[in-house]
Amino acid sequence: MTEYSNTYRSEDGIEVEIKIKAKCLTQDDARKALSFMAQSSHRFYLETAEKINNTL
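Residues numbered from 1 in each chain as written. Predicted model: local features only at pLDDT ≥ 70, side-chain atom pairs only at ≥ 80, totals over all residues. Heavy atoms only, no water.

## Focus on the packing of aromatic side chains
- Per the counting criterion, the structure on display carries one aromatic pair.
- Considering the side-chain rings of phenylalanine 44 and tyrosine 45, the 5.3 Å spacing of their centres and the 70° angle between planes classify their relative orientation as edge-to-face.
- Looking at phenylalanine 44, the relative accessible area reads 48%, which means it is partly exposed. (Phe/Tyr/Trp six-rings, centres within 6.5 Å; stacked < 30°, edge-to-face > 60°. Buried < 20%, exposed > 50% of the residue type's maximum accessible area, 1.4 Å probe, protein only.)

## Points about the pattern of salt bridges
- All chains considered together, the criterion is met by five salt bridges.
- One salt bridge connects glutamate 17 with lysine 19, and the closest N-O pair in it is separated by 3.9 Å.
- Since its relative accessible area comes to 48%, glutamate 17 is described here as partly exposed.
- The structure contains a network of salt bridges with shared partners spanning Asp28, Arg31 and Lys32. (Salt bridge = Lys/Arg side-chain N within 4 Å of Asp/Glu carboxyl O.)

Okay, structure coming up:
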C-alpha cells in the first residue's frame, strides 16, 4: 500500500490536508490509480466547495 499526505496553508490562514492511500500491485496499477485520481479531482473539489458553502 502506498500512502502520501501533505498539508497546505494559505496566507490568510486556510489549512487543507490531502491524504492519498492506494493499494497497487504493480507500477502500471499505480499509474492507472493516479490517472483516475487526476480525472476525478475536478469533480471532488467542486463537490467539496458545495458542501462547505452549504455549512456556512
